[in-house]
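Coordinates in review
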Amino acid sequence: MAAILGKKLGMTQVFREDGSVVPVTVIEAGPCKVTAVRDSERDGYQAVQLAFGEVKQGKLSKAEEGHLKKASAAPMRHLVEFRDEDLGAEEGPKVGDDVTVEGFAAGQKVKVAGISIGKGFQGGIKRHNFSRGPVSHGSHNIRQPGSIGASAFPGRVFKGQRMPGQMGNKRTTQRGLEVAEVDAERNLLLLKGSVPGSRNAVVEVRSDG
């Protein structure tokens, strides 16, 4: 499994040799430090914990700094565990190892998880793609949600009814993305298409399949 933490820098486009244009998202991925390795016998599951986002000394608690110091890592803001069934092998990562973009290759399929852009309180048309009502003279149902339940039976509103509310600002995973380019010198991953999250947001990149 290839996995890494990174920061979404934004979108641009690259030109291939055949002249085609590919829209890509640029991610500054790593280098990440392996700060813990979970074992199924000791912890009940297998995972690797990566640290990303170096900060100044004193910005973290003493417990957090002590945990990172055991892995010879500088103070880092973000810690994420990546679960994998094959991490019990002898060639698996060890505490203190560095994870870079060199673990990925152009053409590889990946999935990216992040917090989607928050859009605030939105109505049913924007949030759930509902159709609007008629806008002719006398209409009172242009963008209103309309009826949300029956009368006598069941006499209540079912849970999970699609209604206006908070839109975005949720963890989202985009699957099936393709690695367009890997720039190991500048720690950059160029992924074809868009990924969740706003600019400078922290995202998780994993191999897909």
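Below you will find a few notes about this structure.

Looking at the packing of aromatic side chains
- Under the definition given, this model contains zero aromatic pairs.
- In this structure, arginine 83 packs its charged tip against the face of tyrosine 45, placed 4.1 Å from the ring centre.

Regarding the environment of glutamine 57
- Its location among the elements puts glutamine 57 in the loop between strand 4 (47-54) and helix 2 (62-70).
- Note on glutamine 57: relative accessible area 63%, which makes it exposed.
- Between the C-alpha atom of glutamine 57 and that of valine 157, which follows or precedes it by 100 residues, the distance is 52 Å.
- Residues within four places of glutamine 57 in sequence aside, it is in contact with Glu65 and Pro75.
- Separated by 3.3 Å, the side chains of glutamine 57 and glutamate 65 make a polar contact.

Digging into the sheet that holds strand 4
- Spatially, four strands are ordered 5-4-3-6 in an open sheet, and the strand pairing comes out antiparallel. Across the chains shown, the open sheet's two edge strands, defined by having one partner strand only, are strand 5 (76-83) and strand 6 (98-99).

Thoughts on the sheet that holds strand 1 (residues 3-15)
- Taken together, the six strands give a closed barrel; going around it, the order is 1-2-11-10-7-12, and neighbouring strands pair in antiparallel fashion. Going across the sheet, the axis of each strand differs from the next one's by a mean of 50 degrees, ignoring polarity.
- Sheet topology places strand 7 (residues 109-115) next to strand 10 (residues 171-183); six bridges connect them, and they run antiparallel. Within the sheet, the bridge partner assigned to isoleucine 115 lies in strand 10 and is arginine 171.

Focus: the nonpolar core
- In this structure, Ile4, Leu50, Leu189, Leu191 and Val205 are the most contacted members of the largest nonpolar core, which totals 25 residues.
- Ignoring any residue separated from it by four or fewer positions in sequence, one finds leucine 191 in contact with Pro23, Val24, Thr25, Ile27, Val110, Val112, Leu177, Glu178, Val179 and Ala180.
- Counting seven residues, the second-largest nonpolar core is a separate cluster that includes Val14, Val22, Ala180 and Leu188.

Some thoughts on the side chain of aspartate 208
- Among the secondary structure elements, aspartate 208 is positioned in the segment after strand 12 (202-207).
- A polar side-chain atom of aspartate 208 sits 2.7 Å from a polar atom in the side chain of arginine 175.
- Not counting the four nearest positions on each side in its chain, aspartate 208 is found in contact with Lys109, Val110, Lys111, Arg175 and Gly176.

Here's the deal with the environment of glutamate 185
- Within the secondary structure, glutamate 185 sits in the loop between strand 10 and strand 11 (188-192).
- Using a relative accessible area of 77% as the deciding quantity, one classes glutamate 185 as exposed.
- Sequence separation of glutamate 185 and valine 21 is 164 residues, and the distance between their C-alpha atoms is 23 Å.

A closer look at the pairing of strand 4
- Counting buried positions over the eight residues of strand 4 gives six, a clear majority of the element.
- Sheet analysis places strand 3 (residues 32-38) next to strand 4, joined by five bridges and oriented antiparallel. Among the inter-strand pairings, lysine 33 is bridged to a residue of strand 4, identified as alanine 51.
- Sheet topology places strand 4 next to strand 5; seven bridges connect them, and they run antiparallel. Its bridge partner lying in strand 5, leucine 50 is registered against valine 80.

About the cut-offs
Residues numbered from 1 in each chain as written. Predicted model: local features only at pLDDT ≥ 70, side-chain atom pairs only at ≥ 80, totals over all residues. Heavy atoms only, no water. Phe/Tyr/Trp six-rings, centres within 6.5 Å; stacked < 30°, edge-to-face > 60°. Lys NZ or Arg CZ within 6 Å of the ring centre and 35° of its normal. Helix = DSSP H or I, 4+ residues; strand = E, 2+ residues; numbered from the N terminus. Buried < 20%, exposed > 50% of the residue type's maximum accessible area, 1.4 Å probe, protein only. Contact = heavy atoms within 4.5 Å. Polar contact = N/O pair within 3.5 Å; in protein donor to acceptor, adjacent residues only side chain to side chain. Pairing = 2+ DSSP bridges. Axes fitted to C-alpha atoms, helices over the stretch in contact; angles between N-to-C directions. Core = buried A, V, L, I, M, F, W, Y, C linked by side-chain atoms within 4.5 Å.

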